[in-house]
Amino acid sequence: MRFTLFIIGGDRMNVPFFNYKARYEKDKEKIKELVYQVGTSDQFILKEHVAELEEKICAYTGAKHAIATSNGTSALTIILKAMGVGPGVDVLTPAFSFISTASAIALLGGRPVFVDVAPTTGMIDLVDLERKITPLSRVIIPTHLFSVMADMTAINEVAKRHNLLVLEDSAVALGARMNDTMAGMLGDAGLYSFFPAKPLGGIGDGAIIVTNDPKLARLCRMFRNHGQDGITRFLHHHIGYNHRMDETTAAYLAYKLERYSQMLERRAQIGNSYNEAFKGLLPHLEIVNDTSYERVYYTYVLQAERRDDLRVFLSEKGIETQIYYPRALPLQPAFAYLGHQEGDFPNAERISKRVIALPLYAEMPDEHVEYVKQAVITAPAVSSYV
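Residues numbered from 1 in each chain as written. Predicted model: local features only at pLDDT ≥ 70, side-chain atom pairs only at ≥ 80, totals over all residues. Heavy atoms only, no water.

**Brief notes about helix H10 (residues 260-278)**
An ideal rise of 1.5 Å per residue puts 27 Å on 19 residues; H10 measures up with 27 Å between its terminal C-alpha atoms. Taken as a whole, H10 has its buried residues at Tyr260, Met263, Leu264, Arg266, Arg267, Ile270, Gly271, Ser273, Tyr274, Asn275, Ala277 and Phe278. (Helix = DSSP H or I, 4+ residues; strand = E, 2+ residues; numbered from the N terminus. Expected span 1.5 Å × (residues − 1). Buried < 20%, exposed > 50% of the residue type's maximum accessible area, 1.4 Å probe, protein only.)

In structure tokens, the structure reads:
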């Protein structure tokens, strides 16, 4: 493969991890139009634009029901409550993930039961999963991270044997497919996040729940809006939340969904270019290049033996990186009450010390992609080993 040798020539670029201005620049007039349209419509929350987005997500994913919410954490909370999570209920969740996957369980009074992850993919480990199941277990939350998908076929088999529900945390995986089924539709319920940096990023926070179960869907709709059924106002069937999506957010997402496939194609082009460039750097730089499913590239995460040295080198070259995630969830201070110690989740702990995320977004220019590739390949933290 041919690279432009920016670094060897001494040139320095500034490569942001994410460029919000580039993402929204071309949509600025449309955003102004939508804000004005909603502002003069007297319809601000859970109205026609939200309904339109829900219909479009159903059509795109094949879901029978879609329930728009205020953010990904609220979506998790709503689904878990609808699944009966509360005091005395255990939920199995990965030890390596974003905190909301576990905090939503705890906020409902349930107990997060952390499961270690596979050492290369960071996906929930099937052996440890089965080992952690008890009579108190009710739900499994497999999480798709970055551009990697959990083995939903095997997880569903475990769930079926133990009569458990599966909540698929597909927050970053809208558009990914496994066995011709959309991510989010492989369990009893799933969700997609529309946080601005996500593949289908909004102009604020937001998320959507998907399911084929009409009972779950009905409960989720009520829980997002103070327990109301959407028919009789101020009649509250349950204690619910104010986790509603606003009309401006929904309108923009519905508009943006029309060109989502082109955005995913560009992300895949960058991700595959990284894969090709880095495939010869094992074992000191690990990549996951699983072709058994149709993936969506959200962030491009490597495992590096000398992660901190690599990050310093890239920063000196003007390349911004991020660490997803620097500490395994069971060792976060927020979960100290569960009594976990270092060494309890060896794979999650090892991964947290090795992961580094490189810039990847649909608007990223080719010259930045080439610059990042060449920087990684020539970094002393990598090249000194090969």
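Here the narrative resumes.
**Examining the packing of helix H4 (residues 72-82) against helix H5 (residues 100-107)**
It is at 9 Å that the axes of H4 and H5 come closest, and there the two elements cross at 45 degrees. The pairing of H4 with H5 is recorded here as oblique in orientation. The handedness of the crossing between H4 and H5 comes out as right-handed. Along the contact surface, H4 presents Thr73, Leu76, Thr77 and Leu80, while H5 presents Ser100, Thr101, Ala104 and Ile105. Partitioning the contact of H4 with H5 into residue classes produces four nonpolar, four polar and no charged. (Axes fitted to C-alpha atoms, helices over the stretch in contact; angles between N-to-C directions. Parallel < 35°, antiparallel > 145°, perpendicular 65-115°, else oblique. Left-handed = near helix turned anticlockwise from the far one by under 90°. Contact = heavy atoms within 4.5 Å. Nonpolar A, V, L, I, M, F, W, Y, C, P; charged D, E, K, R; others polar.)

**Focus on the pairing of strand S11 (residues 300-304)**
Most of S11 is tucked away, with four of its five residues classed as buried. As paired elements, S11 and strand S12 (residues 355-358) share four bridges and run antiparallel to each other. Looking across to S12, one finds that leucine 302 is bridged to isoleucine 356. (Pairing = 2+ DSSP bridges.)

**With respect to the confidence of the model for the protein**
Looking at the protein as a whole, its pLDDT mean stands at 93, while 96% of the residues score no less than 70. Taken as a whole, residues 1-9 scores under 50 in pLDDT and shows 22 contacts with residues more than four places along the chain or in a different chain. (pLDDT = per-residue confidence, 0-100.)

**Points about the pattern of salt bridges**
Applying the stated criterion across every chain, the model contains 21 salt bridges. Here glutamate 286 and arginine 350 are joined by a salt bridge, their closest N and O atoms 3.6 Å apart. Highlighted residues: glutamate 286 in strand S10 (residues 285-286) and arginine 350 in helix H12 (residues 346-352), separated in sequence by 64 residues. Under the relative-accessibility criterion, arginine 350 is labelled partly exposed at 36%. Several salt bridges converge on common partners, so that one network encompasses Arg23, Lys26 and Glu363. (Salt bridge = Lys/Arg side-chain N within 4 Å of Asp/Glu carboxyl O.)

**Comments concerning the environment of isoleucine 78**
In this fold, isoleucine 78 is placed in helix H4. The buried category is assigned to isoleucine 78, whose relative accessible area is 0%. For the pair isoleucine 78 and methionine 185, spaced 107 residues apart in sequence, the C-alpha separation works out to 17 Å. Ignoring anything within four residues of it in the chain, the contact list for isoleucine 78 reads Thr69, Ile209, Cys220, Phe223, Arg224, Tyr241 and His243.

**Quick word on the packing of helix H3 (residues 48-61) against helix H9 (residues 247-257)**
Where H3 contacts H9, the two axes come as close as 8 Å, and the packing angle between them is 35 degrees. Read as a crossing pair, H3 and H9 show a hand that is left-handed. Touching Glu48, His49, Val50, Glu52, Leu53, Lys56 and Ile57 of H3 are Glu247, Ala250, Ala251, Leu253, Ala254 and Leu257, all from H9. Taken together, the residues of the contact of H3 with H9 sort by class into eight nonpolar, one polar and four charged.

**Regarding the sheet that holds S10**
Spatially, the three strands line up as an open sheet ordered S10-S11-S12, and their pairing is antiparallel. The strands lining the two open edges of the sheet, one partner per strand, are S10 and S12. When S10 meets S11, the two strands line up antiparallel, connected through two bridges. If you follow glutamate 286 over to S11, its bridge partner there is glutamine 303. Helix-sheet contacts for helix H11 (residues 307-316) involve S10, S11 and S12, and the interaxial angle to S12 is about 25 degrees.

**Some thoughts on empty space enclosed by the protein**
Evaluated as defined, the whole model comprises three cavities of 30 Å³ or more. Taken together, 20 residues make up the lining of the largest cavity; nearest its centre are Thr120, Phe146, Val148, Val288 and Val301. For the lining of the largest cavity, the element with the most residues is S11, which contributes four residues. (1 Å grid on protein atoms, 1.4 Å probe; cavity = no way out; pocket = protein on both sides within 12 Å on 5 of 7 lines; lining within 4 Å. Points joined across faces, edges and corners; volume = space filled by probe spheres on them.)

**Quick notes on the environment of serine 261**
Topologically, serine 261 is positioned in helix H10. Judged by its relative accessible area of 35%, serine 261 falls in the partly exposed class. Placed 86 residues apart in sequence, serine 261 and glycine 175 show a C-alpha to C-alpha distance of 8.1 Å.

**Some remarks on the nonpolar core**
Counting residues in each nonpolar core, the largest one holds 128 residues, and the members touching the most others are Ile57, Leu80, Phe194, Tyr274 and Phe278. In terms of residues, this core owes the most to one element, H10, which gives seven residues. Ile31, Leu34, Ala251 and Tyr252 belong to the second largest nonpolar core, which has five residues in total. (Core = buried A, V, L, I, M, F, W, Y, C linked by side-chain atoms within 4.5 Å.)

**Thoughts on the packing of aromatic side chains**
Tallied over the full model, the rule gives 18 aromatic pairs. Pairwise contacts between aromatic rings join Phe17, Phe96, Phe98, Phe146, Tyr324 and Tyr325 into one cluster. Sitting above the plane of the phenylalanine 223 ring, lysine 81 keeps its charged end 5.2 Å from the centroid. (Phe/Tyr/Trp six-rings, centres within 6.5 Å; stacked < 30°, edge-to-face > 60°. Lys NZ or Arg CZ within 6 Å of the ring centre and 35° of its normal.)

**Some thoughts on the sheet that holds strand S5 (residues 165-169)**
The seven strands are arranged S1-S9-S8-S5-S4-S2-S3 in an open sheet whose pairing can be described as mixed. Whereas interior strands pair on both sides, the edge strands pair on one side only; in this sheet they are strand S1 (65-69) and strand S3 (111-115). Strand-to-strand twist across the sheet, computed as the mean angle between neighbouring axes with direction ignored, equals 25 degrees. Taken together, the five bridges between strand S2 (residues 90-94) and S3 define a ladder with parallel strand orientation. Within the sheet, the bridge partner assigned to aspartate 90 lies in S3 and is arginine 111. Strand contacts of helix H7 (residues 152-162): strand S4 (137-140) and S5, with the helix running at about 155 degrees to S5, the strand carrying the most contacts.

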